[in-house]
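# Structural overview
Here is how the chains run, residue by residue.
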Amino acid sequence: MEGRAQTLHAIAALKHAVPGFEKSKLRNFGMQVGVRDTRKIVGRYDLVGEDVRGEARFDDSVGIFPEFVDGYNILILPTTGRYFQVPLRCMQSPDVDNLLVAGRCVAGDKVSHAAMRNMMACTVTGQAAGTAAAVSIREGTSTHHVPVDAVQRELVQQGVRIS
């Protein structure tokens, strides 16, 4: 309820102070509260905000994602063409073999999480996790020892841009 009250105050402020918002209306509220932050694993590699902002490149890249951060008082919209690579290691637990995580629970700090929790980023890690699991089975190895180059070749065959 507090969030809805704050939204109404924000709309009133926008109508008063921002040209073009004078006749704006709120159409509706969502029926349920969404969760933006969730638990994350400790990964073989933890993404950090500098990776997202600095166009990080990784040898074990399984996809790319634009420099898009929305959270923790940071808003960077994907308008520049800048992107970072998503490493397979941020989806792997250092302690539990054959466990791959995808979506907003990949390893990283708050700023990288503000990028990786985005639904589009979740599709990148989801496809990569499924592909890595399939390649590990095909190769007869665990996901910790899956040949990254084989995973990358399969992803590229699927049309995934990894660099």
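Refer to the structure printed above.
Here goes a summary of the coordinates provided.

Quick notes on the rules
Residues numbered from 1 in each chain as written. Predicted model: local features only at pLDDT ≥ 70, side-chain atom pairs only at ≥ 80, totals over all residues. Heavy atoms only, no water. Helix = DSSP H or I, 4+ residues; strand = E, 2+ residues; numbered from the N terminus. Rg over C-alpha atoms; globule rule 2.2 N^0.38 Å. Buried < 20%, exposed > 50% of the residue type's maximum accessible area, 1.4 Å probe, protein only. Polar contact = N/O pair within 3.5 Å; in protein donor to acceptor, adjacent residues only side chain to side chain. Contact = heavy atoms within 4.5 Å. Salt bridge = Lys/Arg side-chain N within 4 Å of Asp/Glu carboxyl O. Disulfide = S-S within 2.5 Å. Phe/Tyr/Trp six-rings, centres within 6.5 Å; stacked < 30°, edge-to-face > 60°. Lys NZ or Arg CZ within 6 Å of the ring centre and 35° of its normal.

Tallying secondary structure elements over the protein gives five helices and four strands in all. Shown N-terminal to C-terminal, the secondary structure of the protein runs as helices and strands in the order α-α-β-β-β-β-α-α-α. Radius of gyration (C-alpha) of the protein: 19 Å, far over the 15 Å computed for a compact globule of 163 residues. Structurally, the protein occupies a C-alpha span of about 65 × 30 × 25 Å along its principal axes. Here the protein holds 163 residues, and the buried ones make up 39% of them.

Relative to the assigned elements, Arg117 resides in the loop between helix 3 (110-116) and helix 4 (119-139). A polar contact is formed between the side chain of Arg117 and the backbone oxygen of Asp70, at a distance of 2.6 Å.

Right, let's get into the environment of Leu77. If you trace the backbone, Leu77 turns up in the loop between strand 3 (74-76) and strand 4 (83-87). A residue is classified by how much of its surface remains accessible, and Leu77, at 45% relative accessible area, is partly exposed. For Leu77 and Arg89, which are 12 residues apart along the polypeptide, the C-alpha to C-alpha distance reads 26 Å. Dropping the residues within four chain positions of it, Leu77 is found in contact with Glu67 and Phe68.

Turning our attention to the pattern of salt bridges. Taken as a whole, this structure holds six salt bridges when the rule is applied. For Glu139, the salt bridge identified is with Arg138, shortest N-O distance 3.8 Å. One salt bridge in this structure joins Arg153 and Asp149, with 3.3 Å as the shortest N-O distance. Of this pair, Arg153 and Asp149 are both found in helix 5 (residues 148-157), four residues apart, which corresponds to roughly one turn of the helix. Given a relative accessible area of 43%, Asp149 falls into the partly exposed group.

By the definition in use, this model includes zero disulfides. Lacking any disulfide linkage, Cys90 is separated from the closest cysteine sulfur, that of Cys105, by 9.9 Å. Lacking any disulfide linkage, Cys122 is separated from the closest cysteine sulfur, that of Cys105, by 8.1 Å.

Taken together, the buried positions of helix 5 are occupied by Ala150, Val151, Gln152 and Leu155. On its buried face, helix 5 is in contact with strand 1 (61-66) and helix 4. Note on helix 5: the residue one or two positions beyond its end, Gly159, has a positive phi of about 95°.

Evaluated as defined, the whole model comprises two aromatic pairs. Ring centres of Tyr45 and Phe58 lie 5.1 Å apart, and the angle between their planes is 65°; on these two criteria the pair is classed as edge-to-face. In this pair, Tyr45 sits in the loop between helix 1 (2-17) and helix 2 (49-53) while Phe58 sits in the loop between helix 2 and strand 1, placing the two residues 13 residues apart along the sequence. Judged by its relative accessible area of 22%, Tyr45 is partly exposed. Centroid distance Phe65 to Phe84: 6.2 Å. Interplanar angle 75°. Geometry classified as edge-to-face. Linking Phe65 in strand 1 with Phe84 in strand 4, this pair joins segments that are 19 residues apart in sequence. Per residue, the accessibility class of Phe65 equals that of Phe84, and both read buried. A cation sits over an aromatic face here: Arg161 above Tyr83, 4.7 Å from the ring centre.

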